[in-house]
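An overview of the molecular structure
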Amino acid sequence: MGSSPVATAAASAAVVSLAVANRVLYKLALVPLKAYPFFLAQLTTFGYVAVYFSVLYARYRAGVVTRDMLALPKHRFVAIGLLEALGVASGMSAGAMLPGPAIPILSQSFLVWQLIFSALLLGRMYSVRQIIGCLLVTSGVIFAVASGANKGEFLSEVQLIWPALMISSSAFQAGASILKEAVFIDGAKRLQGKRPDIFVVNSFGSAFQALFVFVLLPFLSNMRGIKFAELPGYLNGGAECFLNVGESPIDCGGAPFLPLLFIVVNMAFNISLLNLVKMSSALVASLTATLAVPISIYILSLPLPYIPHGAELSRSFIIGAVVLLMGLILYNLPQSSSKQSKAD
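Residues numbered from 1 in each chain as written. Predicted model: local features only at pLDDT ≥ 70, side-chain atom pairs only at ≥ 80, totals over all residues. Heavy atoms only, no water.

**Structural notes on the overall build of the chain**
When you go through the chain residue by residue, the secondary structure sums to 15 helices and zero strands. Total accessible area computed for the chain in this model is approximately 16900 Å², and 67% of it derives from carbon and sulfur atoms. (Helix = DSSP H or I, 4+ residues; strand = E, 2+ residues; numbered from the N terminus. Areas by Shrake-Rupley, 256 points an atom, 1.4 Å probe, with all protein chains shown as cover.)

Here it is as C-alpha cells:
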C-alpha cells in the first residue's frame, strides 16, 4: 500500500531541508576544524558505527535482521569501507580548502563516476538520455572549475589539487555505492530472493570505514605535511580544538557546536532519504535531493556565521551550476515502463 501524497510531500520537504542544511553545515563544521579535517573524519565515522550498530542490534532483536544476513561474506564490506574511508578523508581535506559554493558543484561528479562504475562492474546499460545527462553534469563541473582559470575569478586562489581531490572523493564514494548494490544483488541470491537489510550493509561498511580511516591516517596526514611522529600531537590538538578547550594556536570558534550539529544533521539526512525511498522510489528521492544543489550553492555564497566574507560567484561558475542542474534533471527524468523493464 502506497503512502499518501501529503505524507510523501512532507517527507520530500524534509529531505530538501536536511540536504541543504547538510551541505551548508559540512562547510561550517570545517571552519573551526580547518587544520584537523582527518580528526573530524574519524569522529564522524565512529559516530556512524555507534548509531548503525545500535539500530542493527534493535532490528536483530525485532527479527527484521536474520542470522543469515549477518553471515554474508565480508570481502565486499572491506572494499566498501576502504573506498568510503578514502572518500571521507579526501572530501573533508578538500572541503576545508575550497570556497563553500564549490563543494556541492564538484560533489555532483558522483553521478558520472556512478554511471562509469556501474557499467564496468555491474554490466548495466544506460539510455542515450542518461548519457547526455552525465555529459552535461561533466560539462557543468568543468565550467565551475574553469572559473578559477583566470585571475580574480571564483577559484583563482585555490590550487588545482583541492578541486581534483573533491572530485576524487566523489569517485571513491560512487565506487562504494556500486559495491553496496552488488552486495544487495548477491545477498538476494544467497537469501533465496530476500535482500539484506540496509543496516547490515551500512553497519559493516561503516565498521571497516572506521578501521581504514584510522589505519590510513598516517599516510593521509603526511599528504598535508604532518609526519607520523607528530600524529599524537595532531589528534590531541584536534580533540582540544573540537572541545574548544586549552590554548589552541588557531581559532576554534564554533566548536564543538558546528561539528556536532553537522554529524547529527548528516545522520538525519541519510535516514530521511532512506525513508523517502521506502515511501516512494529512488527516482523521487534522487530528484528531491537534486533540488538542494542550487539552494545550497546560493546559501554558501552568502556571508554566514564564521564565514563572514561569503563568496562572489563568477559568471562561468553560475553557467556551470545551471548546466549541471540541467544534466541532473535530464538524467533523472522518468522513462517509459517498457524501456525501464529492458534496462532492468
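Right, picking up where we left off after that structure.
**What about the state of the cysteines?**
Throughout the structure, instances matching the rule amount to one disulfide. Paired by a disulfide, Cys241 and Cys252 hold their sulfur atoms 2.0 Å apart. On the sign convention where negative is left-handed, the bridge of Cys241 and Cys252, at about -115° about the S-S bond, is left-handed. With a gap of 11 residues between them, Cys241 in helix 10 (residues 231-243) and Cys252 in the loop between helix 10 and helix 11 (257-279) connect regions that are remote in the sequence. Judged by its relative accessible area of 4%, Cys252 falls in the buried class. (Disulfide = S-S within 2.5 Å. Buried < 20%, exposed > 50% of the residue type's maximum accessible area, 1.4 Å probe, protein only.)

**Quick notes on helix 9 (residues 198-222)**
Along its 25 residues, helix 9 runs 35 Å from first to last C-alpha, staying within 8% of the 36 Å computed at 1.5 Å per residue. At Leu216, helix 9 is bent by approximately 55°, the largest bend along its length, and proline Pro218 sits one to four residues beyond. (Expected span 1.5 Å × (residues − 1). Bend = angle between axes of the 7 residues up to and from the residue.)

**Let's talk about the side chain of Asn202**
Of note, Asn202 is situated in helix 9. Residue contacts for Asn202: discarding those within four places in its chain leaves Tyr52 and Lys180. (Contact = heavy atoms within 4.5 Å.)

**Comments concerning empty space enclosed by the protein**
Per the stated rule, a full pass over the model turns up one cavity of 30 Å³ or more. Taken as a whole, the largest cavity encloses approximately 60 Å³ of empty space. Around the largest cavity sit Leu72, Pro73, Arg76, Phe77, Val183, Asp186, Gly187 and Arg190, which together line it. Elements represented by at least two residues in the lining of the largest cavity include exactly helix 4 (75-95) and helix 8 (161-190). (1 Å grid on protein atoms, 1.4 Å probe; cavity = no way out; pocket = protein on both sides within 12 Å on 5 of 7 lines; lining within 4 Å. Points joined across faces, edges and corners; volume = space filled by probe spheres on them.)

**Overview of unusual backbone geometry**
Ala255 connects to Pro256 through a cis peptide bond whose omega is 0°. Along the chain, the position of Pro256 falls in the loop between helix 10 and helix 11. In the Ramachandran plot, Gln192 falls in the positive-phi region, its phi being about 55° despite a non-glycine side chain. Within the fold, Gln192 resides in the loop between helix 8 and helix 9.

**Things to note about helix 6 (residues 110-121)**
Since there are 3.6 residues in each turn of an α-helix, residues three or four apart along the chain are aligned in direction. Compared with an ideal rise of 1.5 Å per residue, which puts 12 residues at 16 Å, helix 6 spans 16 Å between its outermost C-alpha atoms and is within 8% of the ideal. Restricting attention to buried positions, one finds in helix 6 the residues Leu111, Val112, Leu115 and Ser118. For helix 6, the buried positions fall inside an angular range of 140° around the axis, keeping them on one side. Opposite the buried face of helix 6, at more than 90 degrees from it, the exposed residues are Leu120 and Leu121. (Arc of directions from axis to C-beta.)

**Thoughts on the packing of helix 2 (residues 37-61) against helix 10**
For the pair helix 2 and helix 10, the least separation of the axes is 9 Å and the interaxial angle reads 75°. Considered as vectors, helix 2 and helix 10 are oriented roughly perpendicular to each other. Every residue of helix 10 that contacts helix 2 at Pro37, Phe38, Phe39 and Leu43 is listed here: Tyr234, Leu235, Gly238, Ala239 and Phe242. Split by residue class, the contact of helix 2 with helix 10 holds eight nonpolar, one polar and no charged. (Axes fitted to C-alpha atoms, helices over the stretch in contact; angles between N-to-C directions. Parallel < 35°, antiparallel > 145°, perpendicular 65-115°, else oblique. Nonpolar A, V, L, I, M, F, W, Y, C, P; charged D, E, K, R; others polar.)

**Quick notes on the packing of aromatic side chains**
The way to describe two aromatic rings as a pair is by their centre distance and the angle between their planes. Scanning the model with the defined rule gives eight aromatic pairs in all. When the centroid spacing of 5.2 Å and the interplanar angle of 50° are considered together, the rings of Tyr36 and Tyr234 count as tilted. In this pair, Tyr36 is assigned in the loop between helix 1 (5-29) and helix 2 and Tyr234 in helix 10, connecting sequence segments 198 residues apart. For Tyr234, a relative accessible area of 6% translates into the label buried. Measuring from centroid to centroid gives 5.8 Å for Phe53 and Phe204, while their planes differ by 80°, and the two rings are edge-to-face. Pair noted here: Phe53 is in helix 2 and Phe204 is in helix 9, with a separation of 151 residues, a long-range link. Look at Phe53 and you get partly exposed, because its relative accessible area is 29%. Cluster of aromatic residues (ring-pair linked, three or more members): Tyr48, Tyr52 and Phe199. Seen from the ring of Phe204, Lys74 lies directly overhead, with NZ or CZ sitting 4.9 Å from the centre. (Phe/Tyr/Trp six-rings, centres within 6.5 Å; stacked < 30°, edge-to-face > 60°. Lys NZ or Arg CZ within 6 Å of the ring centre and 35° of its normal.)

**Concerning the nonpolar core**
Side chains of nonpolar character tend, in soluble globular proteins, to be buried together. Counting 84 residues, the largest nonpolar core has Met92 and Leu98 as the members making the most contacts within it. Apart from residues no more than four positions distant in its own chain, Leu98 is found in contact with Lys27, Ile103, Leu106, Val158, Trp162, Pro163 and Met166. (Core = buried A, V, L, I, M, F, W, Y, C linked by side-chain atoms within 4.5 Å.)

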